[in-house]
Amino acid sequence: MPIVTLPDGKTKSFDKPVSGLEVAQSIGSGLAKAALAIKVNGETKDLAHVIDRDVSIAIITSPKPGQATSPEALTLMRHSAAHVMAEAIQDVLGKDVLLAYGPPTDTGFFYDMSIPEGKKLSSDHFAAINKRMAEIIAENRSFTRYEVSAAEGLPKLKSEGNKYKTDNAERALGMPSSVYKSSKPVAAPASGPSGTQSLSFYATGAPGKDWEDLCRGPHVPSTGRIGAAAVMSLASSYWHGDENSDSLTRVYGTAFGSKEELDAYMVRLEQAKARDHRVIGKALRLFHIDETVGQGLILWTPNGAIVRKELQNFIGAELKKQGYTEVFTPHIGSLDLYKTSGHFPYYKDAQFPPIIERDTLDALATCSCSEVMRRVEGVSQRLADGINERTKATTIAADRIMPDDQLVQGFMLKPMNCPHHAKIFGSSPHSYRDMPVRLAEFGTVYRWEQSGELNGMTRVRGFTQDDAHLFCTEDQIPAEIQGCLSLVKTIFNILGMKDYRVRVGLRDKDSSKFTGSPESWDKAEAACIDAAKSLGVSFSQEPGEAAFYGPKIDFVVKDVIGREWQLGTVQVDYQMGNRFDLSYVGPDNKPHRPVVIHRAPFGSMERFCGVLIEHFAGAFPTWLSPEQVRVMPISEKTNDYAQVVTNALRSAGVRVKLDDSDGRIQQKVKVAADEKVPYMLIVGPRDAENNQVSVRARGTEKDLGAMGLEAFVSGIKAEIDAKKAELTVRP
RNA sequence: GCCGCUGUAGCUCAGUGGUAGAGCAGCGCUUUUGUAAAGCGCGGGUCGCAGGUUCAAGUCCUGUCAGCGGCUCCA
């Protein structure tokens, strides 16, 4: 008979199998009332789940009034709310809406569904759906689980004509899908581990009478236990995430333990919008995107250019300390360069199309499209032989080799800087004594991102990487990776960015996609993991996420609405040396292949500045602020002295503006505060007389008092030079 | 690229098929001000673009471009 161990270590024994609810009741009636589900040996189960053996349990409860809902309770409520929303949508739009898949997420839940042709779900339906959801919640119908055998359940689903649910069931049963056909491998079952022998359904109420859904569960006991839920937005998705498969409508919703929490969430979303880099970027005139210039192409306005330039100067100074040398390379390169590196044509969908010489273009006018592509993508015999020999494989297939007179010459806007840097390394001989060679460049690259993916400064089509390539010997890899990470650490510390995540991409040992010797990989992976550990932040090891040419470390941050963006990256590359036939002379007087480390600690200036704008909500530390000081005379009478103050700051190298507009001081303060200027210097007759300035710092709501002009200048200079995060100058 | 939403003055936004509006910003005048918006006045628009329906279109329809949220992808 079951003995149940509670989280505090106490045990309770029962003389017959008991449900989760009965266990809760045996502890207390209040607990039973609040109970939503039960955790059995760490696995969440329905409250009705029957315990018939010795287990350890924990009870998941609704929040007490005024308290936050626990993450486990939120997941249960959201999963349950997904059922309620699906029922509501079918009530509003019709039963012929086919449901596919509806899981909880970090911020709520979604349900993917197929809307029948001729019908349309739009946000106009949200009010009706929300109303119906509230009704279902008010009805407080119980979530009733029942299980049927595969032999019974599958025909039931098939007879209902929903291929998506049939597919879910087949995958849950570990069977090959009879309805999903694709070249893509089938993803892991969405509804549970494969190999179960029965299928579970949940009726929202009574089985056979009320609405029901194939579902693994678990759920809250009844709809009334969902605190508050709302439908949020619409999107499209693909069945199995496969763009060649059916397009589904994804309906997003969210649920919380109480109406108050839901309302607070909505307020937070609203507030986040005010911190959005696109909003701040416009208000503070940091950057502009012009339709006529082109989608995803950033115009850095003077204010934004200052922020970027300061960052670049900062990185440049750090790189100098680490022994980097700077190079400059053009924005385009010949097609042959990218055929050598291997980037063309394999990544052609992500690149701007080739730039073809005028005469060649005229000559091609009579060719068919496929012939043009064949000639553009073709490779000369000489180039192919060289690459195949160096990579010791048929890297360039025979059918891509073409006679020289048919090959189309042309250029590409560079999608990355490495081929150019490889050519610089290869342009002169290197001794092992010179290694590593560290070539750095703020290199601008262009990538053809899908239009729907573009996003302010964080996802663009032209961007400048804080790029560098380290050409080193295999023994130097660990120290070089370590050096890259210490640079990242320095930069993030100065900027006060602590909320980032580190991903270490390792190879999938079962895959042949990864080139190079296993020994080299093991060493490089160990070096990456060691370096990541030294950062002192949490990091995850992700097998299979390495590039095919080597392991990598990525830095990921979240934006104001919770989306993750990859910033910096450090990648080890064993391929590039072969591709470009790079070498250095070793102590044995023989040529050796260098390993290349690609690294961009900020990722790109565009994305990093976008993230930084949100990080500071536009209130940059003084050293980064486009305008560091604003001088504001009380009236025209002190304009002359204000000009003296302004000149003193300007000649000290401080970015200062004089507001001698014909307004009252209250208005000048308001405007400067809105523009997030770090220091306001208010000067009136009193100040002019004593050669002083009255200081007001951003973020403080009052006059801090007066100080001597010279003391202020030297104070702010010190603050800027030290790149202080806080405003420190005080009278 | 896909689904949904949005597009009106420099910015934020109103605008029943019937004469294009407000606030802020800009310019001019008055005011000479001591710490989060002084007053008055004046300019400013192919209502994203292209078609269509209509006596009449910012408003309705079709197409298209761009932005937003999500999906897919991300060397």
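Above this text is the structure in question.
Residues numbered from 1 in each chain as written. Chains lettered and ligands numbered in written order. Predicted model: local features only at pLDDT ≥ 70, side-chain atom pairs only at ≥ 80, totals over all residues. Heavy atoms only, no water.

This next bit is on the protein's contact with RNA strand B. Around RNA strand B, the structure places 56 residues, and the nearest of them are Leu234, Arg278, Ala350, Glu453 and Asp662. One of the backbone N or O atoms of Gly456 is found 3.5 Å from a phosphate oxygen in RNA strand B. Secondary structure elements with two or more residues in the surface near RNA strand B: strand 13 (228–238), strand 14 (247–256), helix 8 (277–283), helix 20 (665–674), helix 21 (685–690) and strand 33 (692–697). When residues in the surface near RNA strand B are grouped by element, the largest group, six residues, is from helix 20. Residues that form the surface near RNA strand B fall into these classes: 17 nonpolar, 20 polar and 19 charged. (Near = heavy atom within 4 Å. Polar contact = N/O pair within 3.5 Å; in protein donor to acceptor, adjacent residues only side chain to side chain. Helix = DSSP H or I, 4+ residues; strand = E, 2+ residues; numbered from the N terminus. Nonpolar A, V, L, I, M, F, W, Y, C, P; charged D, E, K, R; others polar.)

Time to look at the side chain of Arg579. As for its position among the elements, Arg579 is in helix 17 (residues 576–579). The buried charged residue Arg579 lacks any salt bridge, with Asp573 as its nearest oppositely charged partner at 8.5 Å. In this structure the side chain of Arg579 is engaged in a polar contact, spanning 3.1 Å, whose partner is the backbone oxygen of Thr340. In this view, Arg579 contacts Lys339, Thr340, Ser341, Gly342, Ile387, Arg390, Thr391 and Thr395; residues no more than four positions away in its chain are not counted. (Buried < 20%, exposed > 50% of the residue type's maximum accessible area, 1.4 Å probe, protein only. Lys, Arg positive; Asp, Glu negative; His and termini not counted. Salt bridge = Lys/Arg side-chain N within 4 Å of Asp/Glu carboxyl O. Contact = heavy atoms within 4.5 Å.)

So, on to the packing of helix 9 (residues 302–321) against helix 18 (residues 605–616). Axis angle and axis distance: for two packed helices, these are the angle between their axes and the distance between the axes, and together they describe the pair. Put simply, helix 9 and helix 18 touch, their axes get as near as 11 Å, and they point 110° apart. Comparing their axes, helix 18 and helix 9 come out roughly perpendicular. Note that helix 9 runs across helix 18; the crossing there is right-handed. Together, Val307, Arg308, Leu311 and Gln312 of helix 9 and Met605, Glu606, Phe608, Cys609 and Leu612 of helix 18 make up the contact between the two elements. Residues of the contact of helix 9 with helix 18, tallied by class, amount to six nonpolar, one polar and two charged. (Axes fitted to C-alpha atoms, helices over the stretch in contact; angles between N-to-C directions. Parallel < 35°, antiparallel > 145°, perpendicular 65-115°, else oblique. Left-handed = near helix turned anticlockwise from the far one by under 90°.)

Right, let's get into a nonpolar patch on the surface. Taken together, the side chains of Ile332, Ile355 and Phe411 define a hydrophobic patch exposed on the protein surface, amounting to about 220 Å² of accessible area. For Phe411, the position within the fold is in strand 20 (residues 410–413). (Patch = residues over 30% accessible without salt bridge, like charges linked within 9 Å, V, L, I, M, F, W, Y side chains within 5 Å. Areas by Shrake-Rupley, 256 points an atom, 1.4 Å probe, with all protein chains shown as cover.)

Attention now goes to the sheet that holds strand 9 (residues 109–114). The antiparallel open sheet is built from four strands, whose spatial order is 8-9-14-13. Whereas interior strands pair on both sides, the edge strands pair on one side only; in this sheet they are strand 8 (98–101) and strand 13. Strand after strand, the sheet turns through a mean of 30° between neighbouring axes, direction not considered. Where strand 8 meets strand 9, three bridges bridge the pair, whose relative direction is antiparallel. Bridging from a neighbouring strand, Leu98 pairs with Ser114 of strand 9. Relative to strand 14, helix 3 (residues 71–93) is tilted by about 130°, and along the sheet it contacts strand 8, strand 9, strand 13 and strand 14. Contacting strand 8, strand 9 and strand 14, helix 6 (residues 163–172) crosses the sheet at an angle of about 30° to strand 8. (Pairing = 2+ DSSP bridges.)

A separate point is the environment of Ala172. By secondary structure assignment, the location of Ala172 is in helix 6. Each C-alpha atom of the pair Ala172 and Pro626 lies 57 Å from the other, and the pair is 454 residues apart in sequence.

Attention now moves to the nonpolar core. Residues Leu311, Leu495, Val629, Leu649, Val693 and Phe712 are the most contacted members of the largest nonpolar core, which totals 84 residues. The greatest single-element share of this core, amounting to nine residues, is contributed by helix 15 (residues 477–495). Residues within four places of Leu649 in sequence aside, it is in contact with Val629, Val631, Val654, Val656, Leu681, Phe712, Val713 and Ile716. In terms of nonpolar packing, the next biggest core, distinct from the first, is built from 36 residues, Met77, Met85, Val220 and Ile226 among them. (Core = buried A, V, L, I, M, F, W, Y, C linked by side-chain atoms within 4.5 Å.)

Note on strand geometry: in a regular strand, side chains alternate between the two faces of the sheet. Burial within strand 11 (residues 198–204) is extensive, with six of its seven residues counted as buried. As judged from the three bridges shared by strand 11 and strand 12 (residues 212–214), these two strands associate in the antiparallel manner. Among the inter-strand pairings, Tyr202 is bridged to a residue of strand 12, identified as Asp213.

Turning our attention to the sheet that holds strand 25 (residues 552–558). Strand order in the open sheet made by the eight strands is 17-21-22-29-26-25-23-24, with mixed pairing throughout. Either end of the sheet is taken by a strand with one partner, and the two such strands are strand 17 (325–326) and strand 24 (539–543). In this structure, strand 17 lies alongside strand 21 (residues 437–446), joined through two bridges in parallel fashion. In the strand pairing of strand 21, Thr325 is matched with Leu439. On the sheet, helix 16 (residues 518–533) packs against strand 23 (500–506), strand 24, strand 25 and strand 26 (564–573) and is oriented at approximately 170° with respect to strand 23.

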